[in-house]
Amino acid sequence: MKYLIVMLLCLTSSAYAAIGSVTEQDGQTSIIRQKASLTSSKGTKVEMQDVISTGKGKTSITFEDNTKVNVTENSKLVIDDFVYDPKSKGAGKLAMKVALGTVRYASGAVAHENPNNVKINTPTATIAVRGTDFVMSVDEIGRSTIVLMPQCDDAGICKDGMIDVTT
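Here goes a summary of the coordinates provided. Source: prediction; values computed, not measured. (Residues numbered from 1 in each chain as written. Predicted model: local features only at pLDDT ≥ 70, side-chain atom pairs only at ≥ 80, totals over all residues. Heavy atoms only, no water.)

Thoughts on the overall build of the chain
Scanning the chain for helices and strands turns up 2 helices and 16 strands. The buried share of the chain, reckoned over its 167 residues, is 37%. Here the contacts in the chain between residues at least 6 apart in sequence split such that 49% fall between residues at least 24 apart. (Helix = DSSP H or I, 4+ residues; strand = E, 2+ residues; numbered from the N terminus. Buried < 20%, exposed > 50% of the residue type's maximum accessible area, 1.4 Å probe, protein only. Contact = heavy atoms within 4.5 Å.)

Focus: the environment of Met-149
Structurally, Met-149 is set in strand 13 (residues 144-149). Classification of Met-149 as partly exposed rests on a relative accessible area of 23%. Placed 15 residues apart in sequence, Met-149 and Phe-134 show a C-alpha to C-alpha distance of 4.9 Å. Every residue in contact with Met-149, bar those within four places of it in the chain, is listed here: Arg-104, Thr-132, Asp-133, Phe-134 and Val-135.

Some details on the layout of surface pockets
One number sums up the size of the largest pocket: a volume of about 190 Å³. In this structure, the largest pocket is lined by 14 residues; those nearest its centre are Lys-68, Asn-70, Arg-104, Ala-106 and Asp-133. With 3 residues, strand 9 (residues 93-106) is the single largest residue contributor to the lining of the largest pocket. Split by residue class, the lining of the largest pocket holds 4 nonpolar, 6 polar and 4 charged. (1 Å grid on protein atoms, 1.4 Å probe; cavity = no way out; pocket = protein on both sides within 12 Å on 5 of 7 lines; lining within 4 Å. Points joined across faces, edges and corners; volume = space filled by probe spheres on them. Nonpolar A, V, L, I, M, F, W, Y, C, P; charged D, E, K, R; others polar.)

Brief notes about unusual backbone geometry
Look at Lys-35: it is not a glycine, yet its phi comes out positive at around 70 degrees. Secondary-structure assignment places Lys-35 in the loop between strand 2 (29-33) and strand 3 (36-39). The exposure class of Lys-35 is exposed, given its relative accessible area of 87%. Unusually for a residue other than glycine, Gln-49 sits at a positive phi of about 75 degrees. Assignment of secondary structure puts Gln-49 in the loop between strand 4 (45-47) and strand 5 (51-54). Of the residues examined, Gln-49 reaches a relative accessible area of 44% and is grouped as partly exposed.

Nothing here speaks to function; it is geometry throughout.
See below:
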């Protein structure tokens, strides 16, 4: 019986493994995880099913595949799903919801290897990522605005990416 309990505890803790971390923090933001609210700071680990909620603060998250997400003040982001194994090309996936506020997304390895495996939702739109950088904003009544941003490398060479937006 003791071994069964230990096995169940191990399974429970591994189901919510870190998928990224807070890489920048300005002001106070919180992560709601399994109905508990945690104050985030630089280095805080992010897990699937986390809800990132900012008040007067803002935060940046970098996922294990180098996807970068910047969450501005008065925003709410839900991380639904993230799977990534650098050894398994094209097998990863990412799904998240922007419920309120403004979030900037920059693609990582999951989107570059298999863009069909990235889905981002707002209350009024679904965004299929094609390996790019964009900003999405959701107002208080759920209206969404999505703006494609140019991607610039270290040499200053910029190119436009592509997203598919459906309502």
